[in-house]
Every structure is written in C-alpha cells, then in structure tokens.
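# Chain and residue survey
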Amino acid sequence: MPSPPSSLAERCRAQLRENDRGPFTIPSVHLYPHAWGWDSAFCALGYAHIDPRRGAAELGYLVEAQRPCGLVPHIRFSPGETDYAPGPEVYGTAGDPVPASTITQPPIAAIAARVLLEAAPTDDELRAQLRDVALSLERWHAHLARRRDPAGTGAVAIVHPWESGMDNAPRWDRALAEWEPPPEAAFARRDEHRADPAERPHAHQYLRYGDLVRRFRETRHDPARLVRESPFLVEDVSFSALFAWAERELLALRDALDVDVGCPERTARAVAGVRSLRTSAGFRDRDLRAAEGNGAVVEAPGVFELTPLCLDLDDDELALVLRRLDEAYDAPHPLPSLPVDDDRFEPRRYWRGPTWVNVNWVVIRGLERNGELARARRLARQTLSLVDEHGFSEHYHPESGAPGGAAAFSWSAALALDLLERPVA
Ligand code: 9WN
C-alpha cells in the first residue's frame, strides 16, 4: 500500500533534517556548503518546533566564529569544503582557528533565541545554552551600535551588499557604480556552474563584491578602517530594522534568563535610526559615500522597505508602509522583491524580483505585531501554499510561483514550519 502523503509540517521537518550537518545546517546542498549567519538563525526558528536544544546549538556554532571585535561573520567555513567562492583564503582567514568571513549579515539570532526559549522555558540545559549565546550576541550588538553608525543616526551602515543578505538588489546599483575596481579583483566564481546564470548576480557585481573583500583583507579587518576605507557604505533599512527588533528581543532575554545583556538606550537609538530613514516615498537606504554628498537618499525601492513593520510603528508610519505593501508589492505570489512595474524588475534574478520566504516571514510577523492580523494571515496563507505547491526553493517567480535558485532550501522549510506551529493569532 502506498504511504499516505506527508503533511507540509512533516516535509519541513524532513527537509531540515536532510540539511542538518551536525553542528550546523547548510542552506542548500546545491550552492551553499557552509554555515551562513542569517540562514542559521532562520533554521534555529524551525528547530524551535523540533528540538529547541538543537536550535540553540545552531546559534552556538555561529557565535563560536565571532571575531575579536565582536562581529559575528556571515559565513563560518566548513573545513576542507572548497566548492564555494570566495573561500577563507580570499578573506585572509584560512589560518584562523575558526575560518570565517569578515563581514556580517542581519542579526536575526536574538530573535531566534527568544522563540527557542519560549518553546521550552523551563529546560535548564536550553537556558544555559541560550545564556552563553546571549552573551556573545551582546558583544555583536554592541559592535554594530558602536562601529557601524559612522553618521551618528542610529541606523546601521553596511560595508558590502552581502551584509544585507539581499546581494544584487537594485538598491545597491548606484553605490556599486561609484568606483571602478581593478580587473584583478575578480575571483573564480563557483555559483554559475551549479545554478542558472540567469538567476544569479552579474559579473560586474561579482567584480565589486570581490574588490571589497580584497580591500577588507588589506585593512587586516580593523573595524574602524573597514568603515573609513570601504568605498561602499550605506545605511541599510532592513538591516537596521532587524537590528532594532533583535535589540528588543535581547532585552527580553535579559529578564527571562537573568543575564547581563541588552541596553534600553541602545535599543531606543536603533529604533530612532530606522525612523531616520523614512522619506515621503517610503523607507529608503542612505548612501554615506554618494558623490552628491554624505547621506544621499537611495531612491530605489524594494521589499526591504516593508521591514520597519517589525518595530512598533506610529499611525503615520504604519499607513505609509501598508500603502506601499498594497500598491507596490501585490503579485499572484507575493511578495516580489521589487515592484513588478519597476524598470529593473526581473522575476527570476535573485533579489531583483523573485519572492523570498524569509522576507515574507519578517513582514508577516511585523504585520502581526502591528495588529494587522487580516493582512498577516493572508500573506501567511499565500506563503504556505507557495512552499506546499512548489517545494522548498531558495526563491519563487512572483507571477507563476515557479521555483528558482537552489532547491531543498533550509530557511524556506524552517520558516514555513514556524508559520504552521505559531500561526498568526
Ligand atoms: C553570499 C546563503 C546566502 C544567503 C543570502 C543570499 C546568498 C551568498 C551568495 O546566499 O548569498 O552571502 O553566495 O550568493 O543572498 O541572503 O544568506 O543562503
């Protein structure tokens, strides 16, 4: 007798198990063989509904790679794994005890830690694991607040598009065009052998990604020099919004775990930083290296502009974001990463059009927080049917729903599981 079809929740759990490499979870066997910063934190949210201690271990593995300055890297490299570029030799960390990249990614870990704790609040072993993690997160958050706010606005400035997690989004086009890298900055790509080049960033973008990494290696990863010398320095709306949310969760962990982390003034500053990025068109990034002067608003829209929903918005702010959500991000399979009527919209090319489960998850939780329950439920339903019908893909065509990028992708499974197990109220 054929076995009955398994439920979506069972398939989510099975996908995470399949990508589980013991101490960490690979984003996908097809393109990404290492541990990535925000991917691991999203996976931990999924493990909250399977085995919270396993989720805490995922976060522990990530913060073990913390650099002396406090930065938690965006990649912790797996020893002996060479099928991804750039590897640790390009970052100049191959000889380090824990080879890792030297740039970061949105700090989701504190958000995940809070959900893990809520899953098993009286588990002493879990609490001990999370206490250790929280202490590392405190150093990371302090680093971001101190080192990544060169304009003193409270918003977080990123030094590389990879730090946003939304690598080739149009929001970075102008800043990347501001300087000409030498041709030797190129490194041999490995992604195009394993994925359709029509879904990946262009060569001119990769040349700049490589040039930034090369320059950072030359600064010997001094955090002050990184910010002083990087030709790319942009206050990032989504990174700043997620940081402000993570700050709030770190404060909650302080009370719940009785551990010395978090700082209310720092959290308030992070929130003010996001608010400082509001324009009449919506929330927009600010380019601190723009030729026309320090602090030029980056006019390019993108789904990132909805992420301030994870703050407690006032009525005007909420109305602005909801207007943008309804007007600019409607599609048969929302949320497109770029408004479909934007000239640069490409429904299959990575962060220039496709729908991403992690962004949907942030927006759903933000709508929920701001009391927009009907919208939150609708988007959660649409997101769950997308993964149910088309599998755990890296991203999806916003018009047809067709899967794109790497298949068997961890965070699509982990976050779908979280939406099933913690449904919108
Ligand atoms: C560079 C792993 C990562 C995600 C990012 C996504 C992509 C890497 C790449 O894959 O970036 O960090 O090689 O393209 O843009 O969000 O964390 O899934």
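Above: the structure in question.
I will try to describe carefully the structure that is included in this document. (Residues numbered from 1 in each chain as written. Predicted model: local features only at pLDDT ≥ 70, side-chain atom pairs only at ≥ 80, totals over all residues. Heavy atoms only, no water.)

## Considering the nonpolar core
With 126 residues, the main nonpolar core has Leu 59, Phe 232 and Trp 361 as its most contacted residues. With eleven residues, the top contributor of residues to this core is helix H12 (residues 237-257). Filtering out sequence-adjacent residues up to four positions away, Phe 232 remains in contact with Ile 158, Val 159, His 160, Pro 161, Trp 172, Ala 175, Leu 176, Trp 179 and Leu 212. (Core = buried A, V, L, I, M, F, W, Y, C linked by side-chain atoms within 4.5 Å. Buried < 20%, exposed > 50% of the residue type's maximum accessible area, 1.4 Å probe, protein only. Helix = DSSP H or I, 4+ residues; strand = E, 2+ residues; numbered from the N terminus. Contact = heavy atoms within 4.5 Å.)

## Considering the sheet that holds strand E7 (residues 286-287)
Strand pairing in a sheet relies on backbone hydrogen bonds, with the paired strands running either antiparallel or parallel. Pairing within the open sheet is antiparallel, and its four strands lie in the order E3-E4-E7-E8. The open sheet terminates on both sides in strands that have one partner only, identified here as strand E3 (157-158) and strand E8 (296-297). Direction of pairing for E3 relative to strand E4 (residues 234-235): antiparallel, over a ladder of two bridges. Bridging from a neighbouring strand, Ala 157 pairs with Glu 235 of E4. (Pairing = 2+ DSSP bridges.)

## Observations regarding the packing of H12 against helix H15 (residues 357-369)
Axis separation between H12 and H15 bottoms out at 13 Å; the angle between their running directions is 60°. In terms of their interaxial angle, H12 and H15 are classed as oblique. As for how H12 packs across H15, the hand of that crossing is left-handed. Listed contacts from H15 to Leu 242, Trp 245 and Arg 248 of H12 are Trp 361, Val 362, Arg 365 and Arg 369. Taken together, the residues of the contact of H12 with H15 break down into four nonpolar, no polar and three charged. (Axes fitted to C-alpha atoms, helices over the stretch in contact; angles between N-to-C directions. Parallel < 35°, antiparallel > 145°, perpendicular 65-115°, else oblique. Left-handed = near helix turned anticlockwise from the far one by under 90°. Nonpolar A, V, L, I, M, F, W, Y, C, P; charged D, E, K, R; others polar.)

## As for the site of the ligand
Around the ligand, the surrounding shell holds 16 residues, and the nearest of these are Asp 39, Tyr 84, Gly 165, Asp 167 and Tyr 350. Between an oxygen atom of the ligand and a side-chain N or O atom of Asp 167, the distance comes to 2.8 Å. The contact in question runs from an oxygen atom of the ligand to an N or O atom on the side chain of Tyr 350, over 2.9 Å. In isolation the ligand exposes 410 Å². Once the protein is present, 99% of that is buried. One can see that the ligand is located within the largest cavity. (Near = heavy atom within 4 Å. Polar contact = N/O pair within 3.5 Å; in protein donor to acceptor, adjacent residues only side chain to side chain. Areas by Shrake-Rupley, 256 points an atom, 1.4 Å probe, with all protein chains shown as cover. 1 Å grid on protein atoms, 1.4 Å probe; cavity = no way out; pocket = protein on both sides within 12 Å on 5 of 7 lines; lining within 4 Å. Sits in = over half its atoms within 2 Å of the grid points.)

## Things to note about the packing of H15 against helix H17 (residues 410-421)
Orientation of H15 relative to H17, taken along the N-to-C sense of each, is 25°, at an axis distance of 9 Å. The pairing of H15 with H17 is recorded here as roughly parallel in orientation. As H15 runs across H17, the sense of the crossing is left-handed. Along its contact with H15, which presents Val 357, Asn 358, Trp 361, Ile 364 and Arg 365, the element H17 presents Trp 411, Ser 412, Leu 415, Asp 418 and Leu 419. Grouping the amino acids of the contact of H15 with H17 by side-chain chemistry returns six nonpolar, two polar and two charged.

## A short note on empty space enclosed by the protein
All chains considered together, the criterion is met by five cavities of 30 Å³ or more. Those elements giving two or more residues to the lining of the largest cavity turn out to be helix H2 (37-47) and helix H10 (203-218). Class assignment of the residues belonging to the lining of the largest cavity gives a composition of 14 nonpolar, three polar and four charged. Roughly 70 Å³ of volume is contained in the second largest cavity. (Points joined across faces, edges and corners; volume = space filled by probe spheres on them.)

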